2 protein chains.
Amino acid sequence: MTSADLTPTAWTILGFLSLHPRNGYQLRQAAQRSVGHFWGVSYGQLYPQLKLLAEDGLIEPDPEPAAAGAAGPAGGRSSRSAAPWRLTQRGNEALRGWLRRPPEPRQLRDEGLVKLLFSDEAGPTAMLELIARRRADVLLRKELAEQIVPGAHWPKATDRRPQSLLAARLVLAHTLTLCEAELAWCDTAEQLVAEHRGPLADHPPELRHDA
Amino acid sequence: MTSADLTPTAWTILGFLSLHPRNGYQLRQAAQRSVGHFWGVSYGQLYPQLKLLAEDGLIEPDPEPAAAGAAGPAGGRSSRSAAPWRLTQRGNEALRGWLRRPPEPRQLRDEGLVKLLFSDEAGPTAMLELIARRRADVLLRKELAEQIVPGAHWPKATDRRPQSLLAARLVLAHTLTLCEAELAWCDTAEQLVAEHRGPLADHPPELRHDA
DNA sequence: CTGAACATGTAAAAGGTTACATGATTTT
DNA sequence: AAAATCATGTAACCTTTTACATGTTCAG
């Protein structure tokens, strides 16, 4: 049970703790902010998983010797926040093992797209509504991502800071690229619906999407 | 319990049946092929849901009077296939109601991205591997999508065929657009990792991604 | 005749989300 | 003093996935 059996949520916890120690609340916040749109972490899983990880000896309470230096606006916890967790040696090893294994295939559940697929009979207005809603969602996602500047506010005193911030930048770029592509799709999609509404569309004779 | 309470899978079933009648097996195949990459439908859910939908009077066995016309390579069921289901009037109404309601927010679980985010310490090779794997996945997804021609092989005799095939085209375009964007990201990402590996990267002083 | 594809189901387990419940601390 | 934020947890529910189990039909 030492290394391979953890739940996806548990691995995420280890990952975030590998950047620096935090408590449960901070953990969920970090996850929410930085990977929320492609990796949900809910309280319901978080605390039980923390307990399990601690029992397995993969994480432990941080003695937090790092009260050093400037208690700047970012670096220091104000007076007393709850006990942060940190990775143990074994936790670190487990994390590295996980990172080396090939990732699970990505899973997407996009009800909006499904509705769109079936909306031929529902009419162009319904389609436009789905597209508009999607645009709004993507726009929001993109704006949230743009507020992220990879790595800022890393606690100064605490070590363990990754040598580079390349990874964070790559992930950020991924988000932005896909958001932009999806916005572009929204434009074309709206156009196509509009065109279709007008000339009543001659559609090619034989085709196939579902069989 | 008539209309609003169905599971996501059940709505998908209704959606596909609204295009034309099919049996469970065909249903799963259609779902797999056309929306598999953004909407999973597994056998474990499928048959129980079919039963429930039938009990609720939203679907019923198709009397299949449509043995008419050419028994071409595509149109006709060869000799005897299993009983197909079709939408009832109430099923159709329920479906339309669902289509009008705003969709659930899309949910993504992308372990590859999470691993990438934590792979700074794992090194450039690990990163490149993650990117390469992603490229392969996306490429496959794109190729599968390209084989789809919206609407072909719709059973000729059966009516209920949507007036347009616009919806299928939009969904297809969505898939292709996003695949291409992701492939472009793979290119840049690989480049960035390579650059980083070389000059040892001067990275800007203060930043922030997770806090 | 043999293997592939067709076809339908069940049971168990895993996992996640939501809602509920509670209390401390900090800010207004 | 009240409200917001911090903080930790539990329990029920809901779904999906996976594995198992079985039988038929069709093509080579």
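On a predicted model such as this, the values are computed, not experimentally measured, just so you know.

1. What about the relation of the copies chain A and chain B?
It takes a turn of 180 degrees to lay chain A on chain B, together with a shift of 0.0 Å along the axis; the resulting RMSD is 0.0 Å. The relationship between the two copies is best expressed as a two-fold rotation axis. It is Leu108 of chain A whose C-alpha, among those of chain A, lies nearest the rotation axis, at 2.3 Å. A symmetric contact is evident, with 100% of the interface residues of chain A recurring at the interface of chain B.

2. Regarding helix α1 (residues 8-19) of chain B
Residues and elements named next belong to chain B. Between its first and last C-alpha atoms α1 spans 17 Å; for 12 residues at 1.5 Å apiece the expected length is 16 Å, and the two agree. Of all 12 residues in α1, 11 are buried, a share of seventy percent or more. For α1, the complete set of buried residues consists of Thr9, Ala10, Trp11, Thr12, Ile13, Leu14, Gly15, Phe16, Leu17, Ser18 and Leu19.

3. Considerations on the environment of Ala30 of chain B
All names here are of chain B. Mapped onto the elements, Ala30 comes out in helix α2 (residues 24-35). Residue classification places Ala30 among the buried residues on the basis of a relative accessible area of 1%. Measuring from C-alpha to C-alpha, the distance between Ala30 and Val41 comes to 9.9 Å, with 11 residues separating the pair along the chain.

4. Let's talk about a nonpolar patch on the surface
Residues Tyr25, Tyr43 and Tyr47 of chain A make up a contiguous nonpolar surface patch of roughly 320 Å² in combined accessible area. Following the sequence through the fold, Tyr25 of chain A ends up in helix α2 (residues 24-35).

5. Remarks on the confidence of the model for chain A
Low-pLDDT portions of the prediction should not be read for the details of their coordinates. Residues and elements named next belong to chain A. The predicted model of chain A averages 84 in pLDDT, with 77% of residues at 70 or higher. Mean pLDDT across the elements of chain A bottoms out in α2 (93) and peaks in helix α5 (residues 111-117) (96). Across residues 67-79, confidence stays below pLDDT 50; counting only partners more than four residues off in sequence or on other chains, it has five contacts.

6. Structural notes on the pattern of salt bridges
One pass over the structure, following the stated rule, counts 18 salt bridges over all chains. Residue Arg86 of chain A is joined to Glu60 of chain A by a salt bridge in which the shortest nitrogen-to-oxygen separation is 2.9 Å. In this pair, Arg86 of chain A is assigned in strand β2 (residues 85-87) and Glu60 of chain A in strand β1 (residues 59-61), connecting sequence segments 26 residues apart. Judged by its relative accessible area of 28%, Arg86 of chain A falls in the partly exposed class. A salt bridge links Glu190 of chain B to Arg135 of chain B; the nearest nitrogen and oxygen atoms lie 2.7 Å apart. Pair noted here: Glu190 of chain B is in helix α7 (residues 166-197) and Arg135 of chain B is in helix α6 (residues 124-147), with a separation of 55 residues, a long-range link.

7. Side note on the nonpolar core
Membership of the largest hydrophobic core comes to 86 residues, with the highest contact counts inside it found for Leu14 and Phe16 of chain A together with Leu14 and Phe16 of chain B. Apart from residues lying up to four places away in sequence, Leu14 of chain A is in contact with Leu6, Leu53, Leu58, Ile59, Leu87, Gly91 and Leu95 of chain A.

8. Quick look at the packing of aromatic side chains
The geometry of an aromatic ring pair comes down to the distance between the two centres and the angle between the two planes. All told, the structure shown has six aromatic pairs over all chains when counted by the stated rule. A centroid spacing of 5.5 Å and a plane angle of 5 degrees characterise the contact between Trp11 of chain A and Trp98 of chain A, whose relative ring orientation is stacked. With a gap of 87 residues between them, Trp11 of chain A in helix α1 (residues 8-19) and Trp98 of chain A in helix α4 (residues 89-100) connect regions that are remote in the sequence. With a relative accessible area of 3%, Trp98 of chain A lands in the buried category. The residue whose ring lies beneath Arg109 of chain A is Trp39 of chain B, and the NZ or CZ to ring-centre distance is 4.0 Å.

9. Here we look at the interface of chain A and chain B
With 87 residues of chain A at the interface, the matching set in chain B holds 87 residues. Of the roughly 9100 Å² buried between chain A and chain B, counting both surfaces, carbon and sulfur atoms make up 61%. Taken together, the links from chain A to chain B amount to zero salt bridges. Connecting chain A to chain B are 21 residue pairs in polar contact (both at pLDDT 80 or more). Put simply, the parts of the chain that give the side of chain A that touches chain B at least two residues each are α1, α2, α4, β3 (107-109), α5, α6 (124-147) and α7 (166-197) of chain A.

10. Details of empty space enclosed by the protein
With the rule as written, the count across this model stands at five cavities of 30 Å³ or more. Contributing to the lining of the largest cavity are 26 residues, with Arg106, Leu108 and Leu178 of chain A together with Arg106 and Leu178 of chain B lying nearest its centre. Those elements that place two or more of their residues in the lining of the largest cavity are α6 and α7 of chain A together with α6 and α7 of chain B. In terms of residue class, the lining of the largest cavity is made up of 10 nonpolar, six polar and 10 charged.

11. Concerning the environment of Gln45 of chain B
Locating Gln45 of chain B in the fold gives a position in helix α3 (residues 43-55). The spacing of Gln45 of chain B and Ala10 of chain B is 35 residues in sequence and 8.7 Å in space, taken between C-alpha atoms.

12. As for the side chain of Gln49 of chain A
Residue and element names in this part refer to chain A. Structurally, the position occupied by Gln49 is in helix α3 (residues 43-55). Relative accessible area serves as the criterion here: at 8%, Gln49 is assigned to the buried category. Here Thr7 takes part through its side chain, which lies 3.2 Å from a polar atom of the side chain of Gln49. Setting aside anything within four residues of it in sequence, one finds Gln49 in contact with Thr7, Thr9, Ala10 and Ile13.

So, how was this worked out
For every chain, the first residue of its written sequence is number 1, and the numbers climb from 1 along that sequence. In the order they appear in the text, chains get letters beginning with A and ligands get numbers beginning with 1. In keeping with the predicted nature of the model, local features appear solely for residues at pLDDT of at least 70, side-chain atom pairs appear and are counted solely at 80 or more, and the whole-chain, interface and lining totals rest on all residues. Think of the side-chain values as coming from all heavy atoms in the structure, minus any hydrogens and water. A least-squares fit on C-alpha atoms brings the copies together, and the residues used are those whose pLDDT is at least 70 in both copies. Every residue pair with non-hydrogen atoms within 4.5 Å of one another is taken to be in contact. Labels follow the DSSP assignment, with helices taken as runs of H or I lasting at least four residues and strands as runs of E lasting at least two, numbered in each case from the N terminus. To estimate the expected span of a helix, count its residues, drop one, and scale the result by 1.5 Å. Summary of the burial criterion: residues with accessible area below 20% of their type's maximum are buried, those above 50% are exposed, and those between are partly exposed, where the area comes from a 1.4 Å probe applied to protein chains only. To count toward a patch, a residue needs a relative accessible area above 30% and no salt bridge. Like charges then connect within 9 Å, nonpolar side chains (Val, Leu, Ile, Met, Phe, Trp, Tyr) within 5 Å. For the accessible areas, the method is Shrake-Rupley and the probe is 1.4 Å, while residue cover comes only from the protein chains on display. A pair is scored as a salt bridge if a Lys or Arg side-chain nitrogen falls within 4 Å of a carboxyl oxygen belonging to Asp or Glu. Every residue gets a pLDDT, meaning the predictor's confidence in that residue, from 0 to 100. To form a nonpolar core, buried Ala, Val, Leu, Ile, Met, Phe, Trp, Tyr and Cys residues must be joined to one another through side-chain atoms within 4.5 Å. Think of it this way: a Phe, Tyr or Trp ring, Trp meaning its six-membered ring, pairs with another when their centres are within 6.5 Å, and the plane angle makes it stacked under 30 degrees, edge-to-face over 60, tilted otherwise. Cation placement over rings: the criterion is NZ of Lys or CZ of Arg within 6 Å of the ring centroid and within 35° of the ring normal. In short, buried area is how much 1.4 Å probe accessible area vanishes from two parts on joining, totalled over both. Contacts described as polar in this section are N or O atom pairs within 3.5 Å, which, within protein, must combine one atom able to donate a hydrogen with one able to accept it, while residues neighboring in sequence count only if both atoms come from side chains. As defined here, a cavity is a set of points on a 1 Å grid over the protein atoms alone where a 1.4 Å probe fits but cannot get out. A pocket is an open set with protein on both sides within 12 Å along at least five of seven lines, and residues line them when an atom is within 4 Å of a point. Grid points are joined across faces, edges and corners, and a volume is the space filled by probe spheres set on the points. Side-chain classes are defined by residue name, with Ala, Val, Leu, Ile, Met, Phe, Trp, Tyr, Cys and Pro counting as nonpolar, Asp, Glu, Lys and Arg as charged, and the others, Gly among them, as polar.

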